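Remarks on the overall topology
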Amino acid sequence: MPPEQGGWGGGRLERDLELTDADFARIRQLIYQRAGIVLAEHKREMVYSRLAKRLRHHGLIRFADYLARLERQPEAREWEAFTNALTTNLTAFFREAHHFPLLADHVRARPGRVRIWCAAASTGEESYSIAMTLMETLGARAAQSEVVATDIDTDALARARAGIYPLEQVCKLDEARTKRFFQRGKGTHKGFARVRPEIAEMIDFQPLNLLAPQWPVSGPFDAIFCRNTMIYFDKPTQKRILERFAPLLKPDGLLFAGHSESFSYITDAFRLRGQTVYVRMPAR
């Protein structure tokens, strides 16, 4: 019988693959160990939908067999696909827009080379928004600036490096930014826009797992953006990551968090300075 294609019967979609309670529990455990992501019980449908593609790719019909393969091969490249499949990449240009004037004020009077870390870069919109803000604020000095953009999802990073976005997404920016920072596609690229090279050259995209014992980035940074990512971690993991962020920031460096994230009661390494913006506290 083919899978149900829709309707209003109120039942669950019929599945052609088997995902047992034990499989789901194992997936939750593995992604937590691998990436620190806490999958809630209600994510079961999402997990099925995303990982079913990996099973079909390998010609498997049971999640148990897929998971057993993963566990037998700790260094297999399939782990990357497994992690990518369970990573959420919701982002937009100048998302949570109140942060960018704060960033502009923060970097405007800073001496020397400005360095920003975008720690959950996803498909690149946030890191490009940071680079655009530096260009608008610092003018010619922006060319000396650096945005280090990292993410655990290598598929998302590949899209970020390409810097090509649907025109309808880019056109949500104001006209001045659209003209200044993007090139409109022609021919086979009609309907898309590409970030201009002078913006792309400011950004260094790298894969990075925030749970890894070593991070391939070095400070000091003037600011770290890690927005709408910590919500996927439990409190002990959040605390460990925040306390690793702190020494990578300059003494008055800023940490930008997401709109639903609060770190005030997790660590004393940061003090709330404004709406979801934290300042590094002096080292004791």
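This is a predicted model, so every value here is computed, not measured.

Observations concerning the state of the cysteines
- The full count for this structure, using the stated rule, is zero disulfides.
- Cysteine cysteine 118 is unpaired, with the sulfur of cysteine 226 as its nearest cysteine sulfur at 8.6 Å.

Here's the deal with the layout of surface pockets
- Within this model, the largest pocket holds a volume of roughly 520 Å³.
- Lining the largest pocket are 31 residues; nearest its centre among them are Thr87, Thr88, Asn228, Thr229 and Tyr232.
- Grouping the constituent residues of the lining of the largest pocket by class yields 16 nonpolar, 10 polar and five charged.

Some remarks on the pattern of salt bridges
- One pass over the structure, following the stated rule, counts 16 salt bridges.
- A salt bridge links arginine 62 to aspartate 65; the nearest nitrogen and oxygen atoms lie 3.2 Å apart.
- Taking the relative accessible area as the measure of exposure, arginine 62 reaches 36% and is therefore partly exposed.
- The class of aspartate 65 is partly exposed, set by a relative accessible area of 32%.

Looking at helix H6 (residues 125-138)
- With 14 residues, H6 ought to run about 20 Å at 1.5 Å a step, and its terminal C-alpha atoms sit 20 Å apart, in line with that.
- Of all 14 residues in H6, 13 are buried; the element is thus mostly enclosed.
- Looking one or two residues past H6, glycine 139 carries a phi angle of roughly 60 degrees, positive in sign.

Side note on the side chain of threonine 137
- Its location among the elements puts threonine 137 in helix H6.
- One polar contact links the side chain of threonine 137 to the main-chain carbonyl oxygen of threonine 133, over a distance of 2.7 Å.
- Excluding residues within four positions of it along the chain, threonine 137 makes contact with Ala104, Val107 and Arg108.

Reading guide: rules and limits
- Along each chain, residues carry numbers from 1 onward, in the same order as the chain's sequence is written.
- In keeping with the model being predicted, local features are shown solely for residues with a pLDDT of at least 70 and side-chain atom pairs are shown and tallied solely at 80 or more, while totals for entire chains, interfaces and linings include all residues.
- The side-chain numbers reported here are obtained from all heavy atoms of the structure, hydrogens and water having been left aside.
- Note on disulfides: each one is a pair of cysteine sulfur atoms within 2.5 Å.
- The method works on a 1 Å grid over the protein atoms by themselves. A cavity is a set of points holding a 1.4 Å probe that cannot get out, a pocket is an open set with protein on both sides within 12 Å along at least five of seven lines, and residues with an atom within 4 Å of a point line them.
- Grid points are joined across faces, edges and corners, and a volume is the space filled by probe spheres set on the points.
- Under the scheme applied, nonpolar residues are Ala, Val, Leu, Ile, Met, Phe, Trp, Tyr, Cys and Pro; charged residues are Asp, Glu, Lys and Arg; polar residues are all the others, including Gly.
- A pair is scored as a salt bridge if a Lys or Arg side-chain nitrogen falls within 4 Å of a carboxyl oxygen belonging to Asp or Glu.
- Exposure classes here rest on a 1.4 Å probe applied to the protein chains alone. A residue is buried below 20% of its type maximum, exposed above 50%, and partly exposed in between.
- By definition, any uninterrupted DSSP run of H or I lasting at least four residues is a helix, any uninterrupted run of E lasting at least two residues is a strand, and each is numbered from the N terminus.
- One fewer than the residue count of a helix, multiplied by 1.5 Å, yields its expected span.
- The definition of a polar contact used here is a pair of N or O atoms within 3.5 Å, where within protein one atom must be able to donate a hydrogen and the other to accept one, and adjacent residues in sequence count solely through side-chain atom pairs.
- Throughout, a contact is declared for two residues whenever any of their heavy atoms are within 4.5 Å.

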